[in-house]
Amino acid sequence: MPRKWQRLLTTAAALTALTTSLSACTATVQAPPEQTSSQAGPHSAMQQTAKRLFQVSAVHEATGMTLLEGPTFGPDGGLYLVDVMAPAGGPKVIKLDVASGAVETVYTDDVSAFTSAQFSPHDGRLYLTDFVGGTVQSITDSGKDHRTFFQGTLDGVAMNPDDIAFDQEGNLYVTDAAGSQDPYWKPTGRLVRIDKDTAEGNVLAGNMPAPNGIAFNPAYDGLWVSHNTGNRIDYLRLSADGYRVQTAHPAVHVSAGVGQVDSLAVDAAGNTYVGMHNRAVVLVYRPDGELAATIAVPREDDVSSATNVALKPGTTEGYMTVSGKGGGFVYGFTALADGVRQSNGG
């Protein structure tokens with residue numbers, strides 16, 4: 001995560017001290033998404049305009065902003081989200097009914113700042129990364145039975161866990177976005193594996209420029225990792241047991257201007273959807289690194305970031321988390337291929 005973490009870390013005291021909760025957010029239902037796209041030729045990037053569907057959160061007085069992240073579809077068909085900047089007692093884990101627009105608070109507490117959400121294929125629980133607290137937590141899909149799954153240090157260093165990808169057995173691969181406030185030439189971020197049964201972590205890679213988004217390819221034999229301050233996406237192959245990185249290389253260099261790459265998702269065809277901070281757009285890359293599509297938010301909507309993506313499993317229904325001074329929103333678009341597990345959260 002980029003400079004937004006400067007605001008988050010400086011308002012951590014407010015997140016802890018505030019005891020009054022905000023009024024419940026209401027969804028603003030608009031017309032169904034009517035995506036438009038054009039393509040000049042077989043090797044030209046598709047241009048698509050996303051459409052605002054629902055307002056999910058308002059700017060919080062206590063923290064001065066809202067930031068939606070971690071969209072993931074649950075077993076009940078609801079779209080689960082986190083609001084990174086929700087204050088103590090505010091709606092930190094939210095469920096959106098994408099058919100009706102109804103918004104429901106699933107979970108809240110007084111101290112956490114969740115940056116991602118992902119359902120585990122191992123136990124079906126919703127796992128949450130707490131960037132400020134350095135923990136990975138889990139709850140049921142109804143927000144019950146809260147547990148702290150991982151906490152502490154790795155190699156003597158506390159984590160800033162950002163996004164999660166699960167392998168097929170349910171082990172966690174987590175980006176440690178340490179150094180997200182530092183220049184890219186001072187890389188201190190890490191890629192971490194956490195065992196599903198023991199919750200023991202080991203560092204797979206270090207000296208990374210604020211790793212953020214993470215997702216396996218459809219075959220689960222490759223891992224995509226986006227670097228927030230490096231504005232690039234790496235491709236990694238792991239050992240058979242998942243405990244080591246066998247090969248890794250920069251796969252995509254993103255021309256982001258003032259923006260920074262954020263979270264990512266992968267569809268059934270292996271296309272990678274990359275959210276952006278400080279730029280309200282999602283970029284889609286083919287497995288060979290070619291830019292396949294640009295999915296933009298209309299300029300007149302006056303929002304600043306489109307940080308994350310979820311594709312409804314088995315469909316091309318795409319949803320973006322978009323935030324700005326007017327609040328936090330969910331936008332709709334048409335994906336290039338069907339959604340799969342790696343198309344959600346993280």
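Residues numbered from 1 in each chain as written. Predicted model: local features only at pLDDT ≥ 70, side-chain atom pairs only at ≥ 80, totals over all residues. Heavy atoms only, no water.

**Comments concerning the overall build of the chain**
Each helix and strand in the chain was counted, giving two helices and 28 strands. Taking all 346 residues of the chain together, 57% fall into the buried category. Taking the intrachain contacts of the chain between residues at least 6 apart in sequence as the baseline, contacts between residues at least 24 apart amount to 52%. Of the roughly 13100 Å² of accessible surface on the chain, 49% is carried by carbon and sulfur atoms. (Helix = DSSP H or I, 4+ residues; strand = E, 2+ residues; numbered from the N terminus. Buried < 20%, exposed > 50% of the residue type's maximum accessible area, 1.4 Å probe, protein only. Contact = heavy atoms within 4.5 Å. Areas by Shrake-Rupley, 256 points an atom, 1.4 Å probe, with all protein chains shown as cover.)

**Regarding the side chain of Ser 138**
Of note, Ser 138 is situated in strand S10 (residues 135–139). Every residue in contact with Ser 138, bar those within four places of it in the chain, is listed here: Arg 125, Leu 126, Tyr 127, Asp 145, His 146 and Arg 147.

**Some words on the sheet that holds strand S5 (residues 79–83)**
If you trace the four strands from one edge of the open sheet to the other, you get S4-S5-S6-S7, paired in antiparallel fashion. Whereas interior strands pair on both sides, the edge strands pair on one side only; in this sheet they are strand S4 (68–73) and strand S7 (103–107). If you compare each strand with its neighbour and ignore which way they point, the axes differ by 30° on average. Bridge analysis of S4 against S5 gives four bridges, and the strand direction is antiparallel. Residue pairing for S5: Thr 72 is matched across the bridge by Tyr 80. (Pairing = 2+ DSSP bridges. Axes fitted to C-alpha atoms, helices over the stretch in contact; angles between N-to-C directions.)

**A look at the pattern of salt bridges**
Between side chains of opposite charge, a pair can form when the charged atoms approach closely. Overall, the coordinates contain 13 salt bridges when judged by the stated rule. Of the charged contacts, one joins Glu 104 and Lys 95 as a salt bridge, the two residues approaching to 3.9 Å between their closest N and O atoms. When its relative accessible area of 42% is taken as the criterion, Glu 104 is described as partly exposed. Taking the relative accessible area as the measure of exposure, Lys 95 reaches 19% and is therefore buried. Ionic pairing is found between Arg 232 and Asp 234, a salt bridge with its closest N-O pair at 2.6 Å. Look at the salt bridges and you will find they share partners, linking Asp 76, Lys 95 and Glu 104 into a network. (Salt bridge = Lys/Arg side-chain N within 4 Å of Asp/Glu carboxyl O.)

**Focus on the sheet that holds strand S16 (residues 189–194)**
The pairing of strands in a sheet comes from backbone hydrogen bonds and takes either a parallel or an antiparallel form. The four strands lie next to each other as S14-S15-S16-S17, forming an open sheet whose pairing is antiparallel. Strand pairing shows two members of the sheet lacking a second neighbour, strand S14 (161–166) and strand S17 (201–208), which therefore form its edges. Ignoring strand direction, the axes of neighbouring strands in this sheet form an average angle of 20°. In the sheet, S14 pairs with strand S15 (residues 172–176) via four bridges, with the strands oriented antiparallel. Bridging across to S15, Pro 161 finds its partner in Asp 176.

**Things to note about the pairing of strand S18 (residues 211–216)**
Burial analysis of S18 places six of its six residues in the buried class, the great majority of the element. Of the strand pairs in this sheet, S18 and strand S19 (residues 223–227) are connected by four bridges, and their pairing is antiparallel. The residue bridging Ala 215 from the neighbouring strand is Trp 224, located in S19. Linking S18 to S19, which pair antiparallel, is a turn of six residues; within it Tyr 220 sits at a positive phi near 60°.

**Points about the packing of aromatic side chains**
Going through the model one piece at a time under the given rule, you end up with 10 aromatic pairs. Here Tyr 173 and Phe 216 contribute two aromatic rings whose centre-to-centre distance is 5.3 Å and whose plane-to-plane angle is 90°, an arrangement assigned as edge-to-face. Placement of Tyr 173 in strand S15 and of Phe 216 in strand S18 is noted, with a sequence separation of 43 residues between them. Comparing Tyr 173 with Phe 216 shows no difference in burial state: the two are buried. Taken together, a centroid distance of 4.6 Å and an interplanar angle of 50° make the contact between Trp 224 and Tyr 235 tilted. Taken together, the residues span a long stretch of sequence, with Trp 224 in strand S19 and Tyr 235 in strand S20 (residues 232–238) at a distance of 11 residues. Neither residue differs from the other here; Trp 224 and Tyr 235 are each classed as buried. (Phe/Tyr/Trp six-rings, centres within 6.5 Å; stacked < 30°, edge-to-face > 60°.)

**Section: empty space enclosed by the protein**
Counted under the stated rule, the structure contains one cavity of 30 Å³ or more. The volume enclosed by the largest cavity comes to roughly 30 Å³. Trp 224, Ile 233, Val 252, Thr 272, Tyr 285, Arg 286 and Gly 289 together form the lining of the largest cavity. Along the lines of polarity and charge, the residues of the lining of the largest cavity split into four nonpolar, two polar and one charged. (1 Å grid on protein atoms, 1.4 Å probe; cavity = no way out; pocket = protein on both sides within 12 Å on 5 of 7 lines; lining within 4 Å. Points joined across faces, edges and corners; volume = space filled by probe spheres on them. Nonpolar A, V, L, I, M, F, W, Y, C, P; charged D, E, K, R; others polar.)

**Things to note about the confidence of the model for the chain**
Caution is warranted with low-pLDDT regions, since their predicted coordinates should not be read in detail. In this model, the chain carries a mean pLDDT of 89, and residues with pLDDT of at least 70 account for 87%. Within the model, the stretch residues 9–42 combines pLDDT values under 50 with 73 contacts to residues more than four positions away or in other chains. (pLDDT = per-residue confidence, 0-100.)

**Remarks on unusual backbone geometry**
Positive phi, close to 55°, is recorded for Asn 207, a residue that is not glycine. Position of Asn 207 among the secondary structure elements: in strand S17. The residue Asp 302 is not glycine, and still its phi comes out positive at about 55°. Relative to the helices and strands, Asp 302 resides in the loop between strand S25 (291–296) and strand S26 (305–311). Among the residues examined, Asp 302 registers a relative accessible area of 43% and is labelled partly exposed.

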